[in-house]
Amino acid sequence: MCGGEGRAVRLPGAPECAGVFQQEGPTPAPAMEGKQDYDLLVIGGGSGGLACAKEAAQLGKKVAVVDYVEPSPRGTSWGLGGTCVNVGCIPKKLMHQAALLGGMIRDAPHYGWDVAQPVQHDWKKMAEAVQNHVKSLNWGHRVQLQDRKVKYFNIKASFVNEHTISGVTKGGKETLLSAEHIVIATGGRPKYPTHIEGALEYGITSDDIFWLKDSPGKTLVVGASYVALECAGFLTGLGLDTTVMMRSIPLRGFDQQMSSLVTEYMASQGTHFLKHCIPSRVQKLPDGQLQVTWEDLTSGIENVGTFDTVLWAIGRIPETRSLNLENAGINTNPNSQKILVDAQEATSVPHIYAIGDVAEGRPELTPTAIMAGKLLAQRLCGQSSDVMDYSNVPTTIFTPLEYGCVGLSEEEAIAHYGEEHVEVYHAYYKPLEFTVAERDASQCYIKMVCLRKPPQLVLGLHLLGPNAGEVTQGFALGIKFGASYKQVMQTVGIHPTCAEEVVKLRISKRSGLDPTVTGC
Ligand code: FAD
Ligand code: NDP
């Protein structure tokens, strides 16, 4: 550790660990002109920040990353790497995989395996394995920073002025750092419904679920978007009694026909849905169970139920509040609290940038944060003038039946081009693996949204089925670069796969013909 006991402030320009610290007291902010400590200072060591820092360092810049994890209200904390690595994509996908394995074990006897049913799942064992993998990624990120000579500070940053940040360690020690360019990549954190009695006290969020040592048991998941449905999906798949409480529609902003199929499949797998309901109170009963009171918005009737865990998945808040952005003159959207940026990712202060979840109008996805970070570093280093293209970003919701999509939903295409100019090709198909296992494939469905006029530019692709993420990734290339329906039909399929159903889509919705695929 640098410095001695108590709060210490490193003088601007002084080398780290050189013992040049001022003891606590008013510290004059470093001059805004003149030499700065770093060429680039990145606030936030998550997907976007680490990608930007590593790229800039590789291109010869003197770079520092500051990252600090504020524990969740439940006290959960984690290491370097941000949301995706610690409390997002990675542990989520691994738990999704754990749940899928349960389904495969149930399929196994159909394929001749002698597996005693029902099988039991051990949450503790799974959680430990997942957490160990996450910890190895934390370590990997630290090593990568070291290898690329990026200086890492485990401090919580806030702006002193437009070239300087103050960073405070867990122990309260303060460091001042200055840089020519600053990138804000502080992401976001889950929202709590603080107006609901007991919500903060007794509920958890996605910041906690992956780090629970013991099974969450019977769980109420509040919310109906990515996080809510993915978590409810794997909890159900692991054999837990799981209920989703949604106040309106599932997966707002996504193709609504696909979204309904997602929840229909989940219901068929045992997830309970309380539709058009909002919670009003969470109380702890003497036996430790949580009693939730909710209102049915359709009937106005109040209901009560008991659960072991209440998981709030009602959206996220950008991490901007503690950054003292006003000290640097950085503008935010007062409603979303996100940082306003232009196409170059620049904020209202030209040498300060914002990328990833914290930036206004950006998809909250890891690959977009990473690509935006890398491109920004390349521009700052004069290597390229390319800016991030946020159009046609593919994504997948890792629900038990995965939903992958890229481009416009059917509703968006119709709203934009008019129904008479849009052709939708679709098919209900049965994955081969489902046949022997006698699985129901009622919700395995694909739709391709195209312009009607030849050559029928593909506007969007939506796919519900096993491995939809893997399938969508490949087709995203074609759609990004302007593939037409004709070109997709000229593509030879790989047999027997689910992906080949995309290149065999012949039935248009307009024709009214039965879109059920039969035979090869
Ligand atoms: P983050 O990764 O959130 O990193 C920000 C970092 O900054 C954090 O480490 C934070 O602690 C730190 N920080 C904040 N404030 C300060 C400060 N003042 N000083 C110092 N450090 C600070 N995306 C996908 O593409 N695929 C998925 O499957 C997927 N699954 C997800 C599942 C869940 C449950 C969640 C919640 C998200 C998921 N996402 C997924 C979204 C993805 O995780 C985010 O879009 C991505 O992590 C955003 O990266 P970022 O760099 O903007 O911020
Ligand atoms: P979202 O903002 O997408 O969704 C919030 C959900 O909570 C909506 O269903 C909303 O309902 C509901 N809601 C909001 N407030 C309340 C309330 N007070 N009471 C009840 N319900 C409420 O948030 P998520 O946390 O699901 O996802 C955040 C982002 O993280 C996503 O946009 C995505 O980009 C990223 N992510 C990506 C994943 C992936 O790539 N697979 C996985 C997980 C997250 P309503 O529609 O009525 O407003």
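Given the structure is predicted, the values throughout are model-derived calculations rather than measurements.

Per the UniProt annotation, the sites labelled "active site" (unreviewed entry) are His-495. Checked against the element boundaries, His-495 lands in the segment after helix 13 (485-490). When residues no more than four places from it in sequence are discounted, the contact partners of His-495 are Glu-500 and Cys-520. Polar contacts involving the side chain of His-495 include one to the side chain of Glu-500, which spans 2.6 Å.

This part covers the site of ligand 1. As a matter of local geometry, ligand 1 sits amid 35 residues, with Gly-48, Asp-67, Thr-83, Lys-92 and Asp-357 nearest to it. Within the backbone of Ser-47, a nitrogen or oxygen atom sits 3.3 Å from an oxygen atom of ligand 1. Between Gly-48 and ligand 1, the recorded distance is 2.8 Å, taken from a backbone N or O atom to an oxygen atom. Coverage of ligand 1 by the protein amounts to 93% of the 1,000 Å² it exposes when considered alone. Of all the secondary-structure elements, those providing two or more residues to the shell around ligand 1 are helix 1 (47-58), helix 2 (82-87), helix 3 (89-107), strand 6 (156-161) and helix 9 (366-380). Of all the elements, helix 2 adds the most residues to the shell around ligand 1, at 4 residues. A breakdown of the residues in the shell around ligand 1 according to their chemical character gives 15 nonpolar, 13 polar and 7 charged.

Our next topic: the sheet that holds strand 21 (residues 422-428). What the 5 strands build is an open sheet, ordered 19-20-23-22-21; its pairing is antiparallel. With partners counted over all chains shown, the strands left at the sheet margins are strand 19 (395-397) and strand 21, one partner each. When the angles between neighbouring strand axes are averaged without regard to direction, this sheet yields 10°. Bridge count for strand 21 against strand 22 (residues 445-451) is 7 bridges, and the pairing is antiparallel. The residue bridging Val-422 from the neighbouring strand is Leu-451, located in strand 22.

So, about the site of ligand 2. Looking at ligand 2, there are 20 residues lining it, with Glu-230, Ser-248, Arg-252, Glu-364 and Thr-396 nearest. One of the backbone nitrogen or oxygen atoms of Val-227 is found 3.0 Å away from an oxygen atom of ligand 2. Contact distances for ligand 2 include 2.9 Å between an oxygen atom and a side-chain N or O atom of Arg-247. Expressed as a share of its isolated accessible area of 930 Å², the protein-covered part of ligand 2 is 77%. Looking at the shell around ligand 2 element by element, the count peaks at 3 residues for helix 7 (residues 226-237). Of the residues assigned to the shell around ligand 2, the class counts are 8 nonpolar, 6 polar and 6 charged.

What follows covers the sheet that holds strand 15 (residues 302-307). Strand pairs in the sheet, formed through backbone hydrogen bonds, run parallel or antiparallel to each other. Strand order in the open sheet formed by 3 strands is 13-14-15, with antiparallel pairing between adjacent strands. Looking along the sheet, the strands with just one partner apiece sit at the ends: strand 13 (277-284) and strand 15. When the angles between neighbouring strand axes are averaged without regard to direction, this sheet yields 25°. Of the strand pairs in this sheet, strand 13 and strand 14 (residues 290-296) are connected by 7 bridges, and their pairing is antiparallel.

Moving on: the confidence of the model for the protein chain. On average, residues of the protein chain score 93 in pLDDT, and 93% of them reach the 70 mark or higher. Note that pLDDT drops below 50 for residues 1-29; the model gives that stretch 51 contacts with residues more than four away or on any other chain.

Right, let's talk about the UniProt feature "domain: Pyridine nucleotide-disulphide oxidoreductase dimerisation" (unreviewed entry) in the protein chain for a bit. If you check UniProt for "domain: Pyridine nucleotide-disulphide oxidoreductase dimerisation" (unreviewed entry), the listed places come out as residues 393-504 in our numbering. Taken end to end, residues 393-504 has its terminal C-alpha atoms 23 Å apart, with 29% of it in helix and 28% in strand.

Attention shifts here to the side chain of Asp-107. Relative to the helices and strands, Asp-107 is located in helix 3. Using a relative accessible area of 12% as the deciding quantity, one classes Asp-107 as buried. Not counting residues within four places of it along the chain, the set of residues in contact with Asp-107 comprises Ala-437 and Arg-439.

Enumeration over the complete set of coordinates arrives at 6 aromatic pairs. Relative to Phe-234, the ring of Phe-210 has its centre 6.0 Å away and its plane inclined at 35°; by these criteria the two rings are tilted. Of this pair, Phe-210 sits in the loop between helix 6 (206-209) and strand 10 (219-222) while Phe-234 sits in helix 7, and the two are 24 residues apart along the sequence. With respect to burial, Phe-210 and Phe-234 carry one shared label: buried. Between Tyr-428 and Tyr-445 the ring centres are 4.4 Å apart and the planes differ by 40°, which places this aromatic pair in the tilted class. Taken together, the residues span a long stretch of sequence, with Tyr-428 in strand 21 and Tyr-445 in strand 22 at a distance of 17 residues. Overall, the relative accessible area of 0% leaves Tyr-445 in the buried class. Three or more aromatic residues joined by ring pairs make a cluster, and in this case those are Tyr-226, Phe-254 and Tyr-403.

Here is what the cut-offs are and how they apply
Residues numbered from 1 in each chain as written. Chains lettered and ligands numbered in written order. Predicted model: local features only at pLDDT ≥ 70, side-chain atom pairs only at ≥ 80, totals over all residues. Heavy atoms only, no water. UniProt positions renumbered as here; feature names shortened; annotations may be inferred. Helix = DSSP H or I, 4+ residues; strand = E, 2+ residues; numbered from the N terminus. Contact = heavy atoms within 4.5 Å. Polar contact = N/O pair within 3.5 Å; in protein donor to acceptor, adjacent residues only side chain to side chain. Near = heavy atom within 4 Å. Areas by Shrake-Rupley, 256 points an atom, 1.4 Å probe, with all protein chains shown as cover. Nonpolar A, V, L, I, M, F, W, Y, C, P; charged D, E, K, R; others polar. Pairing = 2+ DSSP bridges. Axes fitted to C-alpha atoms, helices over the stretch in contact; angles between N-to-C directions. pLDDT = per-residue confidence, 0-100. Buried < 20%, exposed > 50% of the residue type's maximum accessible area, 1.4 Å probe, protein only. Phe/Tyr/Trp six-rings, centres within 6.5 Å; stacked < 30°, edge-to-face > 60°.

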